[in-house]
Amino acid sequence: MALNVDIRRYKPEDQEESRELIKSSVKTIEGYSTEKISHLKKVLPDMVTGFASDDEFKFYVAEANDEIRGLAGIETRTGTIGGIFVHPEYKEEGIGTRLMNRLEHEAQKADVDEMEVNASISAKKFYEKNGFRVIKRDADHKIEGRKIAVYKMRKGLK
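Remember, predicted model here, so these are calculated numbers, not experimental data.

### What to know about the nonpolar core
(1) Moving on: Membership of the largest hydrophobic core comes to 25 residues, with the highest contact counts inside it found for Ile81, Met115, Tyr127 and Phe132.
(2) Moving on: Elements that contribute at least two residues to this core include exactly β2 (57-64), β3 (67-75), β4 (80-86), α3 (95-109), β5 (114-119) and β9 (150-156).
(3) Moving on: A total of five residues in this core trace back to one element, the largest contributor, which is α3.
(4) Moving on: Leave out the neighbours within four places in its chain, and methionine 115 touches Ile74, Gly79, Ile81, Met100, Leu103, Glu104, Ala107, Phe132, Met153, Arg154, Lys155 and Leu157.
(5) Moving on: Residues Ile22, Ile37, Leu40 and Ile143 belong to the second largest nonpolar core, which totals 22 residues.

In structure tokens:
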């Protein structure tokens, strides 16, 4: 049975639950050392919820049974995705795709020509499935002072 999920705008009171969701999601990232996963688990919750509180970004949560199951955001001026996170227990429920569709809709409303993301090694397949293509592999991308390999990816909207 499919999970009944509502997509709504992120609210400041979502911060703590979103932080926990990000921590859970990061635990399942593959392709990185234990040390790098630990670093991401430590820095991403504050970094992403900081983006979510920034007026330049539009963040959304996927909510089911009054619990946040996913979180995603986009900087609509540039089309830069600020992350898509889904709780590991709900990864195969289509939540990430529904959040991606919302981000794409917001980018199109803002008349953005393309969307861009720095995807983790394990998120690359998800973004490719959603129409993104790899521009380059950046082995030296810095996240809060540590080099973390990512794929710079883009998707045209026009």
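### Points about the environment of valine 117
(1) Moving on: With respect to the secondary-structure elements, valine 117 resides in strand β5.
(2) Moving on: Placed 82 residues apart in sequence, valine 117 and glutamate 35 show a C-alpha to C-alpha distance of 23 Å.

### Observations concerning the pattern of salt bridges
(1) Moving on: Enumeration according to the criterion identifies 19 salt bridges in this entry.
(2) Moving on: With a shortest N-O distance of 3.1 Å, lysine 58 and glutamate 106 are connected by a salt bridge. Within this pair, whereas lysine 58 is found in strand β2, its partner glutamate 106 is found in helix α3, the two being separated by 48 residues in sequence.
(3) Moving on: Of the charged contacts, one joins aspartate 140 and lysine 147 as a salt bridge, the two residues approaching to 3.8 Å between their closest N and O atoms.
(4) Moving on: Linked through salt bridges whose partners overlap, the residues forming this network are Glu114, Glu116, Lys152 and Arg154.

Quick notes on the rules
- What you see as residue numbers is a count from 1 along each chain, following the sequence as written.
- A pLDDT threshold of at least 70 governs which residues receive local features in this predicted model, and a stricter bar of 80 or more applies before side-chain atom pairs are shown or counted, although totals over entire chains, interfaces and linings include all residues.
- Only heavy atoms go into the side-chain values, all of them from the structure, while hydrogens and water stay out.
- What is meant by a nonpolar core is a set of buried Ala, Val, Leu, Ile, Met, Phe, Trp, Tyr and Cys residues, joined one to another through side-chain atoms within 4.5 Å.
- Categorising residues by exposure relies on relative accessible area from a 1.4 Å probe, with only protein chains included: less than 20% of the type maximum marks a residue as buried, more than 50% marks it as exposed, and the intermediate range marks it as partly exposed.
- For the purposes of this entry, the term helix denotes a DSSP run of H or I that reaches at least four residues, the term strand denotes a run of E that reaches at least two, and both are numbered from the N terminus.
- Only heavy atoms matter for contacts: two residues are in contact if any of them lie within 4.5 Å across the pair.
- Salt bridge, as applied in this entry: a Lys or Arg side-chain nitrogen positioned within 4 Å of an Asp or Glu carboxyl oxygen.

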